Each structure stands twice: as structure tokens, then as C-alpha cells.
Amino acid sequence: IQLTAAQEFVKRLFDIAVGALLFAAAAPSMALLCLLIKMSSRGPVLYVAPRTGKGGRHFPFYKFRSMVEGAERLRGGLLSGNEKDGHLFKIRNDPRLTRIGRFMRRYSLDELPQLLNVLKGEMSLVGPRPLPASDLESDGLSREHAFWASERTRVLPGITGLWQVRGRSDLEFDDMIRLDVAYVRDWSLWSDLVI
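Heads up: these notes are all about the structure in this document. Residue positions are given per chain, counting from 1 as you read along its sequence in written order. Local features in a predicted model are, by the rule used here, given only for residues with pLDDT of at least 70; side-chain atom pairs are given and counted only at 80 or more, and totals for whole chains, interfaces and linings are based on all residues. Computation of side-chain values covers all heavy atoms of the structure but excludes hydrogens and water.

## Observations regarding the overall build of the protein
Step number 1: Only DSSP runs of H or I covering at least 4 residues are called helices, and only runs of E covering at least 2 are called strands; the numbering of each starts at the N terminus. In terms of regular secondary structure, the protein is built from eight helices and four strands.
Step number 2: Scanning the protein from its N terminus toward the C terminus, one meets helices and strands in the order α-β-β-α-α-α-β-α-β-α-α-α.
Step number 3: Each residue is placed in one exposure class: buried if its accessible area under a 1.4 Å probe, protein chains only, is under 20% of its type's maximum, exposed if it is over 50%, and partly exposed if it falls in between. Buried residues in the protein amount to 47% of all 195 residues.
Step number 4: By sequence separation, contacts in the protein at least 24 residues apart represent 70% of the contacts at least 6 residues apart. Two residues qualify as a contact provided that any one of their heavy atoms is within 4.5 Å of a heavy atom in the partner residue.

## As for helix H7 (residues 173–185)
Step number 1: For H7, which comprises 13 residues, the first-to-last C-alpha distance of 19 Å matches the rise-based estimate of 18 Å (1.5 Å per residue) to within 8%.
Step number 2: Those residues of H7 lying buried are Phe-173, Met-176, Ile-177, Leu-179, Asp-180, Val-181, Tyr-183 and Val-184. For a helix, the expected span equals 1.5 Å multiplied by the number of residues minus one.

## Let's talk about the environment of Tyr-47
Step number 1: Its place among the elements puts Tyr-47 in strand S1 (residues 46–52).
Step number 2: Residue classification places Tyr-47 among the partly exposed positions, given a relative accessible area of 29%.
Step number 3: C-alpha separation for the pair Tyr-47 and Lys-63, spaced 16 residues apart in sequence, amounts to 5.2 Å.

## Brief notes about the pairing of strand S2 (residues 58–64)
Step number 1: Across the seven residues of S2, five count as buried, placing the element largely inside the fold.
Step number 2: For two strands to count as paired, DSSP must find a minimum of two bridges between them. Pairing between S1 and S2: seven bridges, direction antiparallel. Directly across from Leu-46, in S2, lies its bridge partner Phe-64.
Step number 3: Between the end of S1 and the start of S2, which pair antiparallel, lie five residues, with Gly-55 showing a positive phi angle near 70°.

## A closer look at the pattern of salt bridges
Step number 1: Any Lys or Arg side-chain nitrogen located within 4 Å of an Asp or Glu carboxyl oxygen qualifies as a salt bridge. By the definition in use, this model includes 12 salt bridges.
Step number 2: Salt-bridge contacts for Asp-192 lead to Lys-11; the nearest nitrogen and oxygen are separated by 2.6 Å. Linking Asp-192 in helix H8 (residues 189–194) with Lys-11 in helix H1 (residues 5–40), this pair joins segments that are 181 residues apart in sequence. For the pair formed by Asp-192 and Lys-11, the shared burial category is buried.
Step number 3: In this structure, Asp-110 engages Lys-63 in a salt bridge whose closest nitrogen and oxygen atoms are separated by 3.2 Å. Here Asp-110 is found in the loop between helix H3 (99–106) and helix H4 (114–119), whereas its partner Lys-63 is found in strand S2, with 47 residues between them in sequence.

## Some points on the nonpolar core
Step number 1: Residues enter a nonpolar core if they are buried and are Ala, Val, Leu, Ile, Met, Phe, Trp, Tyr or Cys, with the set joined through side-chain atoms within 4.5 Å. If you look at the biggest cluster of nonpolar residues, it comprises 28 residues, and the most contacted ones within it are Phe-64, Leu-112, Leu-125 and Tyr-183.
Step number 2: Broken down by secondary-structure element, the contributors of at least two residues to this core are H1, S2, H3, H4, strand S3 (124–126), helix H6 (162–165) and H7.
Step number 3: Excluding residues within four positions of it along the chain, Leu-125 makes contact with Phe-14, Asp-15, Val-18, Gly-19, Leu-22, Leu-115, Val-118, Gly-158, Ile-159 and Thr-160.
Step number 4: The next biggest cluster of nonpolar side chains, apart from the first, holds six residues, and it includes Trp-148, Ala-149, Ile-177 and Val-181.

## Focus on H3
Step number 1: Taken together, the buried positions of H3 are Ile-100, Gly-101 and Met-104. Viewed end-on, H3 has its buried residues packed into an arc of 100°, placing them on one side of the element. The outward face of H3, more than 90 degrees from its buried face, is lined by the exposed residues Arg-99 and Arg-106.
Step number 2: Just downstream of H3 lies Ser-108, where phi reads positive at about 60°. The directions considered for the arc run from the helix axis to the C-beta atoms.

If you want it as C-alpha cells, here you go:
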């Protein structure tokens, strides 16, 4: 199911209006977090990595850096501790997290820079969470979960989504697939407001 041009326009208008307000309201907190990140550990303030968006296209995804510098290089040694299946990598007590990073993750403050992705039109406030490009095929899809991958890329990925409000990281991968597909198929502005 594809959103109509009118539905996409309404969703985009909502994203711009609410995203701009949220960005303005969060600006002082974001400035403070930048300072804390810079003072507490070496490395850049932002973590920028390619993620898969609408149509399987890649875009630069912004987060506040919550891990030590060079954390990606350390991932290989932690694969055996992965607590998720499918296209997810999660370790509850990830040793790569900094002290401020642990705090930001607990309250999802590391996600605030994604408001820039929303204002740029690469993401939406609500939608399926964008997955790391490295976890999918080069076309941004998945051979193993082809139907789910093609459905979720019909809309812009979101800062939050249906599976974030229905259990977050505690859900099984199959539940995440089901909720992503349900979100795309049953989209309405009201459902975005509820989420």
C-alpha cells in the first residue's frame, strides 16, 4: 500500500511544523549535551552513519555520540553477545557506551539530532526506525526478509514508530516486522499523533 500524494503532503507538513517547534524547544538542551559530550570523552559530538530510508536510499543519519571513539571497530568482538536476531544488534550493557552516553540512551536524548533529518526531508517524526545500511543489502533491502524490507521503505523512516511505543528493544524481531508492516498499511495522521 502506497501513501497518496495528498497523504504524503499532509505528513510532510506535519513533520515540518512540529519538527521545527521541537527543534527550537530542544535547542538549549542540545547545546548542553554537546558540551557534556565534548568534555567527557574524545571524538566528535555527532555520530553520523548511513541509514536506509525511503525507497532503500541511504542518507546520513545523525545522533549524539553515545559511545567511545572508534566503537564501530569494536563491534566485531561483541557479536557473540548480541541479544537480538534478524537485522538488529543490541547489547543491554554495551561496554562501548560512555557515562553521558548511557544517560542519553536511557532517555533517548541521543536521538534529538534526528530532528535535522526530519527538517531535511530524510526522515519523519513517526515511521519505521531506519536500520544501519551495513546491516542490509547494498540496495537497502533484505533478501532474508524481502516483504518487510520493501514495505517499510514505502514511507520515510521515523524518529519513533509503532514498535518503539509497543515494547522498544524488548520485542522480538518478528514482532518488529509485524508492527512496521501494520504502520505502513494502516497509516493515518491520527495514528502518528497517537504514537
